[in-house]
Amino acid sequence: MTSFLHDLIATFPAFTRAAWMTLQITGISLGLALVIGLIFALMKVSGLRSLGIVYNGYVGIIRGTPLIVQIMWLYFGITHFVVLSAFWAGTIALAIHSGAYIAEIFRGCIQSVDRGQMEAAQSLGMKRGLAMRRIILPQAFKRAIPPMGNQFIIGLKDSSLVAFIGITEIFSLSMDNAAVTFKQLEFYTIAGLYYLAMVALFTYVLSRLEHRMDTAK
C-alpha cells in the first residue's frame, strides 16, 4: 500500500498532464460529434429518401466497425491521400464514431416530439425549418440530455484507444510506466482512478444540467 501511494504521488504531475490531454481529445471530439450527429439526424428526419440513405450508410458503417479500426484507418490507412497528426487522427475518429450514436439519439428525440406541434406551427404560417428550430429542436435537446450524458461518458472512456497511435494520455502513460517498472497492477489501478475521477466529474456536471433543465420547465 505504501508503495502504491508513493507511485501515485510521484507520478501525479505526469498523470495530470496526461489527464489534460485526455480531456482535450474528449472535449474536441464530442463537440464535433454533436455537430455531426445533429446534421445527420436532420438529414434522417428531413423526409428526403436520398438523405435517409446517406444517414443509414453512415450509421451502419460506423456502428458496424470497431473504433480502434477507425482510428487506425485515419492514422495509417489514408496516408496516401492525407497525413493527419496522431492527435487529429484520434480526435476525428472519436468524433465520427460518437457522431453516429449521437445522431441516433437526436433522431429518436426529434421523432418523439408530437407531430401535431409541427402541423400546428405550419398551420400558423411557419416554414418547416423555422418550426424545427424554434419548437421541435428545443424540446428534443431537453429529452436528449440523459442519453447524451451516457454517450459523453462512453466517449471519455473510448479516448483511451488513442494510446495505440502514440498519444500520451492516461492509458498510454500507465502502459509506459507498467512496462518500465513491471508494476502492472499498480499503474493500471492508477489509470482507473483517474478515469473514475473524470467520469464522476462528467456525471456531476450532467446531472446539474439535467436538474436545471427540469426546473426551467
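Here goes a summary of the coordinates provided. (Residues numbered from 1 in each chain as written. Predicted model: local features only at pLDDT ≥ 70, side-chain atom pairs only at ≥ 80, totals over all residues. Heavy atoms only, no water.)

Below, the discussion takes up the overall build of the protein. Secondary structure summary: the protein contains 9 helices and 0 strands in total. Starting at the N terminus and ending at the C terminus, the protein contains elements arranged as α-α-α-α-α-α-α-α-α. Each principal axis of the C-alpha atoms in the protein carries an extent, and together these give about 70 × 50 × 20 Å. Considering the protein as a whole, with its 217 residues, one finds that 38% of them fall into the buried category. Accessible area for the protein stands at about 12100 Å²; split by element, carbon and sulfur atoms hold 68% of it. For the protein, the centre of its 17 positive side-chain charges and the centre of its 10 negative side-chain charges are spaced 13 Å apart. (Helix = DSSP H or I, 4+ residues; strand = E, 2+ residues; numbered from the N terminus. Buried < 20%, exposed > 50% of the residue type's maximum accessible area, 1.4 Å probe, protein only. Areas by Shrake-Rupley, 256 points an atom, 1.4 Å probe, with all protein chains shown as cover. Lys, Arg positive; Asp, Glu negative; His and termini not counted. Charge placed at Lys NZ, Arg CZ, Asp CG, Glu CD.)

Membership of the largest hydrophobic core comes to 38 residues, with the highest contact counts inside it found for F15, I110, M132, M148, F152 and I170. Looking at this core, the elements that each hand over two or more residues are α2 (12-45), α5 (86-112), α6 (115-123), α7 (128-158), α8 (170-181) and α9 (184-215). Considering every element that reaches this core, the biggest residue donor is α7, with 10 residues. Every residue in contact with I170, bar those within four places of it in the chain, is listed here: F15, A18, A19, T22, A191, Y194, Y195 and M198. (Core = buried A, V, L, I, M, F, W, Y, C linked by side-chain atoms within 4.5 Å. Contact = heavy atoms within 4.5 Å.)

In this section: the side chain of S29. Of note, S29 is situated in helix α2. At 2.8 Å, the side chain of S29 forms a polar contact with the backbone oxygen of I25. From its side chain, S29 meets the backbone oxygen of T26 in a polar contact 3.0 Å long. Dropping the residues within four chain positions of it, S29 is found in contact with T91, L94 and A95. (Polar contact = N/O pair within 3.5 Å; in protein donor to acceptor, adjacent residues only side chain to side chain.)

Below, the discussion takes up the packing of α2 against α5. Between α2 and α5, the shortest axis-to-axis distance is 5 Å and the interhelical angle comes to 40°. Accordingly, the angle class assigned to the pair α2 and α5 is oblique. You can see that α2 and α5 cross each other, and the crossing is right-handed. Looking at side-chain class alone, the contact of α2 with α5 contains 22 nonpolar, 7 polar and 2 charged residues. (Axes fitted to C-alpha atoms, helices over the stretch in contact; angles between N-to-C directions. Parallel < 35°, antiparallel > 145°, perpendicular 65-115°, else oblique. Left-handed = near helix turned anticlockwise from the far one by under 90°. Nonpolar A, V, L, I, M, F, W, Y, C, P; charged D, E, K, R; others polar.)

This brings us to α2. With 34 residues, α2 should cover 50 Å at 1.5 Å per step; its first-to-last C-alpha distance of 48 Å lies within 8% of that length. G47 sits one or two positions beyond α2 and adopts a positive phi of about 90°. (Expected span 1.5 Å × (residues − 1).)

With that out of the way, let us pick up a nonpolar patch on the surface. A surface patch of nonpolar side chains, about 370 Å² in accessible area, is lined by M1, L5 and I9. Inspection of the secondary structure puts L5 in helix α1 (residues 2-10). (Patch = residues over 30% accessible without salt bridge, like charges linked within 9 Å, V, L, I, M, F, W, Y side chains within 5 Å. Salt bridge = Lys/Arg side-chain N within 4 Å of Asp/Glu carboxyl O.)

Here we take up the pattern of salt bridges. Where charged atoms from two side chains of opposite charge approach closely, those side chains can pair. Evaluation of the coordinates by the stated rule reveals 3 salt bridges. Residues D7 and K183 are paired through a salt bridge, measuring 3.2 Å at the closest nitrogen-oxygen approach. Here D7 is found in helix α1, whereas its partner K183 is found in the loop between α8 and α9, with 176 residues between them in sequence. A residue is classified by how much of its surface remains accessible, and D7, at 8% relative accessible area, is buried. Put simply, E104 and R107 hold a salt bridge, and the shortest N to O gap is 2.9 Å. Of the two residues, E104 and R107 both sit in helix α5, 3 residues apart, roughly one turn of that helix. Here the salt bridges share partners, and the residues they tie into one network are R63, E104 and R107.

With respect to the helices and strands, V199 occurs in helix α9. You can call V199 buried: its relative accessible area is 18%. With near-sequence residues (within four places) excluded, V199 lies in contact with I153, L156 and K157.

This part takes up unusual backbone geometry. Within the chain, F182 stands out as a residue other than glycine whose phi angle is a positive 60°. Looking at the element boundaries, F182 is found in the loop between α8 and α9.

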